[in-house]
Amino acid sequence: MLGPRPTVAGPAETNHAPLTAPGATRAMEAVLERVLEARLRQARDTGGVFAHDMAERVAAFVRRGGKRLRTAFVWCGWRAAGGSGDAGAVLRVGAALELLQACALIHDDVMDGSPLRRGGPAIHVEFAREHRGRADGTAESFGTSAAVLAGDLALAWADDLLTETALASPHGSRLHDEWRVMRTEMVAGQYRDLRAQASGSSGAEEALAIAVLKSARYTVARPLALGASLAGADARTLGALRAAGRCAGLAFQLRDDLLGAFGDPALTGKPADEDLRSRKLTPLLAVAVRLAEATGDQDAAAVLAPDADARPGHTVERMRAALERTGARAEVEARIADLAATGVRHFGATGAAPGVRREFAALVERASGIAPHHAEELV
């Protein structure tokens, strides 16, 4: 595919000594910084107020970090497919994913009304604080509206970078197809999440569908496929990577659900009780409801019910106790272990080199919080 070379990111380190996944993540940070500096220069040309209030805030949010897991999975997918072609393109895709993640988090915090993100105030909270105290009382409305635009700006930056990379790649069409489907899945998962909350759904099938769309594919499966696409992966390799990504991604989401219910905000950088207070439909909650009904635990069923927040005395502490007592927490922990191990087995079917398989297993452990059992047999 013909097109202009990307102008905002320099080449990656030499292909003669392939980076490890952690090394690729560090190299991506340098690429991302160059991208942000270029976008900020463009924003300043557009207008000082826009650059200061909006673009610099989005850049600061991106720089506040995160797990950067998606970049590592892009790199593993590329290496599993042979690691041919431009390594710099892989890093640019990783940077684009970090910008897309910023969009997703900013918008997610608006929809959930979350006050914290990445150890600091959410973007809509930052905007609102600047206008608090105005006589017309529009601070919250301004914060929400401005944050929507901030998320849109991050998405525009992500799409620009991905498009530049695709235009410069011989596999650009395949790369863009993966990106396009991933964006749609992300929005579909977020909508089904909102819809489930509005309807008071507690069904296990709906919870699983949301987890797959909103997290499993977006966090692991699609990044693996994006990296593999840049190496011109064949159908067999892509199929194995998608299967591996779905399992590892679900393990990641289930761990995130547990952290959302039992995690330490000082470590996670976000409140630990939001999902419980809002009765957000997660596989963890769906498992607990099923077990409560199966065992006749009426107290647990009542405290976990979608409308329980309308009843006095139904506290987050009682919900946590119900998740423990029903065995939901233990069942989800076991499911995480099984999914992590299965994901590693599927990845082994790509025929990737032992070192790449070890790196993938380490990433799955990092994402899921548990070492995949029997992973050593695959490497």
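Parameters at a glance
Residues numbered from 1 in each chain as written. Predicted model: local features only at pLDDT ≥ 70, side-chain atom pairs only at ≥ 80, totals over all residues. Heavy atoms only, no water. Helix = DSSP H or I, 4+ residues; strand = E, 2+ residues; numbered from the N terminus. Contact = heavy atoms within 4.5 Å. Buried < 20%, exposed > 50% of the residue type's maximum accessible area, 1.4 Å probe, protein only. pLDDT = per-residue confidence, 0-100. Phe/Tyr/Trp six-rings, centres within 6.5 Å; stacked < 30°, edge-to-face > 60°. Lys NZ or Arg CZ within 6 Å of the ring centre and 35° of its normal. Expected span 1.5 Å × (residues − 1). Core = buried A, V, L, I, M, F, W, Y, C linked by side-chain atoms within 4.5 Å. Salt bridge = Lys/Arg side-chain N within 4 Å of Asp/Glu carboxyl O.

Visitor: Hey, could you go over the environment of Gln197 for me, with residue numbers and the actual values?
Guide: With respect to the helices and strands, the residue Gln197 is situated in helix 7 (residues 172–199). For the pair Gln197 and Arg279, spaced 82 residues apart in sequence, the C-alpha separation works out to 7.4 Å. Residues in contact with Gln197, not counting those within four places in the same chain, are Asp112, Ser278 and Lys280.

Visitor: Explain unusual backbone geometry residue by residue, including any values.
Guide: Positive phi, close to 60°, is recorded for Arg68, a residue that is not glycine. Within the secondary structure, Arg68 sits in the loop between helix 2 (48–63) and helix 3 (69–80). Given a relative accessible area of 5%, Arg68 falls into the buried group.

Visitor: Which residues make up the confidence of the model for the chain, and what values do they have?
Guide: For the chain, mean pLDDT is 86; residues scoring 70 or higher make up 88% of the total. Counting interchain partners and residues more than four positions distant, the pLDDT-below-50 stretch residues 1–16 has 36 contacts. Residue range residues 375–379 is modelled with pLDDT below 50. Its contacts to residues more than four positions away, or to other chains, number 8 contacts.

Visitor: Which residues make up the packing of aromatic side chains, and what values go with them?
Guide: By the definition in use, this model includes 4 aromatic pairs. With a centroid separation of 4.9 Å and an interplanar angle of 50°, the aromatic rings of Trp75 and Trp78 are classed as tilted. Here Trp78 and Trp75 lie together in helix 3, a separation of 3 residues that amounts to about one turn. Among the residues examined, Trp78 registers a relative accessible area of 2% and is labelled buried. For the pair Phe127 and Phe142, a centre-to-centre distance of 6.0 Å together with 80° between the ring planes defines the contact as edge-to-face. Of this pair, Phe127 sits in helix 5 (residues 123–131) while Phe142 sits in helix 6 (residues 139–167), placing them 15 residues apart in sequence. Chaining the aromatic ring pairs together yields one cluster made of Phe73, Phe347 and Phe360. Across from the ring centre of Phe127, 4.4 Å away, lies the NZ or CZ of Arg57, which sits over that ring.

Visitor: Account for helix 3, with residues named and values stated.
Guide: One turn of an α-helix holds 3.6 residues; hence residues three or four places apart share an orientation. The end-to-end C-alpha distance of helix 3 is 16 Å, a good match for the 16 Å that 12 residues give at a rise of 1.5 Å each. The buried fraction of helix 3 is high, at 11 of 12 residues. For helix 3, the complete set of buried residues consists of Leu69, Arg70, Thr71, Ala72, Phe73, Val74, Trp75, Cys76, Gly77, Trp78 and Ala80. Where the residues of helix 3 are buried, they touch helix 1 (21–46), helix 4 (87–112), helix 8 (204–230), helix 9 (235–262), helix 15 (328–348) and helix 16 (354–368). A positive backbone phi angle near 115° is found at Gly82, which sits one or two residues after helix 3.

Visitor: Residue-level account of the nonpolar core, with values.
Guide: Within the largest apolar cluster, 81 residues are counted, with the highest numbers of intra-cluster contacts made by Trp75, Val93, Leu99, Trp179, Leu224, Phe347 and Phe360. For this core, the element with the highest residue contribution is helix 4, accounting for 15 residues. Every residue in contact with Phe360, bar those within four places of it in the chain, is listed here: Phe73, Cys76, Leu224, Ala244, Ala248, Gly343, Val344 and Phe347. Judged by nonpolar contacts, the second largest core, of 28 residues, contains Leu250, Ala251, Val287 and Ala300.

Visitor: A description of the pattern of salt bridges should follow, citing residues and the corresponding values.
Guide: Oppositely charged side chains are able to pair whenever their charged atoms sit close together. This model, assessed by the stated rule, comprises 28 salt bridges. A salt bridge links Arg44 to Glu56, with the nearest nitrogen and oxygen atoms 3.7 Å apart. You can see Arg44 sitting in helix 1 and its partner Glu56 sitting in helix 2, a full 12 residues away along the chain. By relative accessible area, Arg44 is classed as partly exposed at 43%. As a salt-bridge pair, Arg117 and Asp108 come within 3.8 Å of each other at their nearest N and O atoms. Like Arg117, the residue Asp108 is buried in the burial classification.

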